[in-house]
Amino acid sequence: MSKIIRVTTVPMSLGGLLKGQLKFMSQYYTVIGISAQGGDRLDKVAKDEGIEVYPVEMTRKITPIKDLEAVYKLYKIFKKEKPTIVHSHTPKAGTLSMLAAKLAGVPHRLHTIAGLPLLEATGKKRLLLDTVEKLTYKCATMIYPNSMGLKDIIIENKYTIDKKLKVIGKGSSNGINTSVFDPSLYTEEDNFNLRKELQIDNSDSVIIYVGRLVKDKGINELISAFKKLSKEKSNCKLLLVGTYEKDLDPLLPDTENEINTNPNIVFAGWQIDVRPYFSISDILAFPSYREGFPNVVMQAGAMGLASIVTDINGCNEIVEDQLNGEIIPVKSADSLYQSMKKLVENDNLRNTMASNARESIINRYDNEYVWDELLKEYRSLIG
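Residue positions are counted from 1 within each chain, in the order its sequence is given. Per-residue local features of the predicted model are confined to residues with pLDDT of at least 70, and side-chain atom pairs are confined, for both listing and counting, to 80 or more; whole-chain, interface and lining totals are unaffected and use all residues. For side-chain calculations, the full set of non-hydrogen atoms in the structure is used, while hydrogens and water are omitted.

## Things to note about the pattern of salt bridges
Alright, step 1. Salt bridge, as used here: a side-chain nitrogen of Lys or Arg that lies within 4 Å of a carboxyl oxygen of Asp or Glu. The tally for this structure, following the rule as stated, stands at 22 salt bridges.
Alright, step 2. The salt bridge partner of Lys61 is Asp247, with a shortest N-O separation of 3.8 Å. Placement of the pair is Lys61 in the loop between strand S3 (52-55) and helix H4 (64-81) and Asp247 in the loop between strand S8 (236-241) and helix H10 (253-261), with a sequence separation of 186 residues.
Alright, step 3. Assessed through its relative accessible area of 58%, Asp247 is described here as exposed.
Alright, step 4. Close ionic contact of Lys166 with Glu377 constitutes a salt bridge, the shortest N to O distance being 2.6 Å. In this pair, Lys166 is assigned in the loop between helix H7 (148-156) and helix H8 (188-197) and Glu377 in helix H16 (residues 367-382), connecting sequence segments 211 residues apart.
Alright, step 5. A residue is classified by how much of its surface remains accessible, and Lys166, at 36% relative accessible area, is partly exposed.
Alright, step 6. Each of the salt bridges in this network shares a partner with another, and the network as a whole consists of Arg60, Arg212 and Glu245. Think of it this way: any DSSP run of H or I at least four residues long counts as a helix, any run of E at least two long counts as a strand, and we number them from the N terminus. Buried, partly exposed and exposed residues are distinguished by accessible area as a fraction of the type maximum, computed with a 1.4 Å probe on protein chains only: under 20%, between the cut-offs, and over 50%, respectively.

What follows is the structure, given as C-alpha cells:
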C-alpha cells in the first residue's frame, strides 16, 4: 500500500482543517500525520483519525534556526518512511516540508494553499515572504489553491507556472460535513437556553462572527460598523466567537474598548463546537481582508444563515450575491453597516437568503465530494 504523509504546522490544523479526511484516505493508503505536538492534541488526532503521527515543532513566525532544525527532522522522517506523496497545508509547514521532501527525493510533493497572509505585507517583509513562497512552489511538484480566485492571485504574482496549479473539485481543502452542520439538530429549547446564558433576548437579532479577532479578519471595520448600528437598533446583538492574537495581529485600542464596553456585543471566546452559536444567530458577518476558502462561511451556510462577506477569493465563490448573502467591498465599514442594517430590517430578504444557503453548500461542498475528488487526484499521481 502506497504511503502518504500529511503535514501541517500545528495539530489543530491536522485534526481540524482536515477532520475526517485522513481517516477516509486510510482506506486506500497508509497515512501518516506530522505537526507540532501541541500538548496532547497531536495524540488526539492520531486516535481520532486512526493514523500514525510524528511530532515536529514548527513555528508560525520567521525563526531561521528552528526552521532549519525542523527541515532536518522532516528530512529524516521522509528518508525513513519513504512516502510516495508528501502533502502539506499551512504556510510554514508547506515551506519546510516541501524543501525536506525534495531533499529526501519524495516523488510527489504536494502543497495546498488556503490563503496568502503575505498579501497584506509590504516593503522588505513582503520581499522576503515572496521569496519564501516561490521557494515552496519550486520545491513542490503540484500546488493546490483551494479556490479559483486564489489560483488567479498566484498566477498574477508569478509565484509559479499555470500547469503546476490545480483546484480540487469546486474548491475548499476539506469541504464540510453537512450532516453535522445541520440546524435541525438544535431544538427551540436548546437555542432558548444558550441565548439566556449569553443574555440575548429571544426578540434580539443576532449577527455572528466566528474566527480570530485580528485586524486581517476585518474586526476593526466590523466593530466600527456595529457601533453605529447598535445606536439605531437596540434589539441587535453582535456575537463574537474566537480569540485574540495580540502578538501577531493586534486590533486598534478603540476596537478592543468597544468590545469590552458595548452591552450589545457578546464575546463568547474560543469554542470547540461553534454550531450552537450559529444556531442562535441570524446573520454571519465575515469582513476578512484575505482568505483561501473559509470554513466559517461554509459552516454558516450549512447552518442556514445569510452571510455578509467581503469581495475576496473563496468568500465570493461560496456566497452568491443576493442569493445566499451579500458581497461587500474589503475594508469598508460603511458598506458593512449598510448590509447588516438591511438584513436586520428586511426579514423576507434575510429568510430567503437563509433558505438558499444550506442547499448551496450541500450541492457544492459536502466533504465526501471533496474527499472523492482528492482521492481521484492521488490515484492519477500514484497510478
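## Here we look at the sheet that holds strand S1 (residues 3-7)
Alright, step 1. By this definition, two strands are paired if DSSP reports at least two bridges between them. The strand order across the open sheet formed by 6 strands is S3-S2-S1-S4-S5-S6, and the pairing between neighbours is parallel. Each end of this open sheet is capped by a strand with a single partner; those strands are S3 and strand S6 (142-145). Neighbour-to-neighbour, the strand axes of the sheet open up by a mean angle of 20 degrees, direction not taken into account.
Alright, step 2. Sheet topology note: the S1/strand S2 (residues 30-35) ladder contains 5 bridges and is parallel. Along S2, the bridge assignment pairs Arg6 with Gly33.
Alright, step 3. Strands in contact with H4 are S1, S2, S3 and strand S4 (85-88); relative to S1, the strand with the most contacts, it is inclined by about 165 degrees. Between N-to-C directions, angles cover 0 to 180 degrees, with each direction set by a line fitted to C-alpha atoms, over the stretch in contact for helices. It only takes one pair of heavy atoms within 4.5 Å for two residues to be counted as in contact.

## A word on the packing of aromatic side chains
Here a ring pair, both rings aromatic, is described through the centre-centre distance and the interplanar angle of the planes.
Alright, step 1. Pairing of aromatic rings covers Phe, Tyr and Trp, the last counted by its six-membered ring, and requires centre-to-centre distances within 6.5 Å; plane angles under 30 degrees mean stacked, over 60 mean edge-to-face, and any other angle means tilted. One pass over the full model with this rule turns up 7 aromatic pairs.
Alright, step 2. With a centroid separation of 5.3 Å and 35 degrees between ring planes, the pair formed by Phe24 and Trp371 is classed as tilted. On the criterion of sequence distance, the pair formed by Phe24 in helix H2 (residues 21-25) and Trp371 in helix H16 is long-range, its members being 347 residues apart. Like Trp371, Phe24 is buried.
Alright, step 3. Both rings, one in Tyr137 and one in Tyr159, keep their centres 5.9 Å apart while their planes meet at 75 degrees; by these two values the pair is edge-to-face.

## Topic: a nonpolar patch on the surface
Alright, step 1. The patch calculation keeps residues exceeding 30% relative accessible area without a salt bridge and links them within 9 Å when they carry like charges or within 5 Å when they are nonpolar (Val, Leu, Ile, Met, Phe, Trp, Tyr). Note that accessible areas follow from Shrake-Rupley with a 1.4 Å probe, and for residues the cover is restricted to the protein chains shown. Nonpolar side chains collect at one region of the surface, where Met12, Trp270 and Ile272 lie side by side and expose about 380 Å² of accessible area between them.
Alright, step 2. Looking at the element boundaries, Met12 is found in helix H1 (residues 11-17).

## Brief notes about the side chain of Lys92
Alright, step 1. Positionally, Lys92 belongs in helix H5 (residues 91-104).
Alright, step 2. A polar contact is formed between the side chain of Lys92 and the backbone oxygen of Thr59, at a distance of 2.9 Å.
Alright, step 3. Those residues within four positions of Lys92 in sequence are excluded, and the remaining contacts are Thr9, Met58, Thr59, Arg60, Lys61, Ile62, Thr63 and Asp67. Whenever two N or O atoms come within 3.5 Å, that pair is a polar contact, provided that in protein one can donate a hydrogen and the other can accept it, and provided that, for residues adjacent in sequence, both atoms are side-chain atoms.

## A word on the nonpolar core
Alright, step 1. One finds Ile207, Leu239, Phe278 and Met340 to be the most contacted residues of the largest nonpolar core, which totals 60 residues.
Alright, step 2. Among the elements that line this core, the one with the most residues is helix H9 (residues 219-232), at 6 residues.
Alright, step 3. The contacts of Met340, once residues within four sequence positions are left out, are Ile207, Leu222, Ala225, Phe226, Leu229, Ala285 and Ile308.
Alright, step 4. In this structure, Val56, Met58, Val106 and Tyr159 belong to the second largest nonpolar core, which totals 32 residues. Within this scheme, the nonpolar core is defined by two criteria: the residues are buried Ala, Val, Leu, Ile, Met, Phe, Trp, Tyr or Cys, and they are joined through side-chain atoms within 4.5 Å.

## Digging into unusual backbone geometry
Alright, step 1. A positive phi angle, near 75 degrees, is found at Thr90, a position not held by glycine.
Alright, step 2. Take Thr90: it is sitting in the loop between S4 and H5.
Alright, step 3. Positive phi values are uncommon outside glycine, yet Gln322 reaches one of about 75 degrees.
Alright, step 4. Positionally, Gln322 belongs in the loop between helix H13 (315-318) and strand S12 (325-328).

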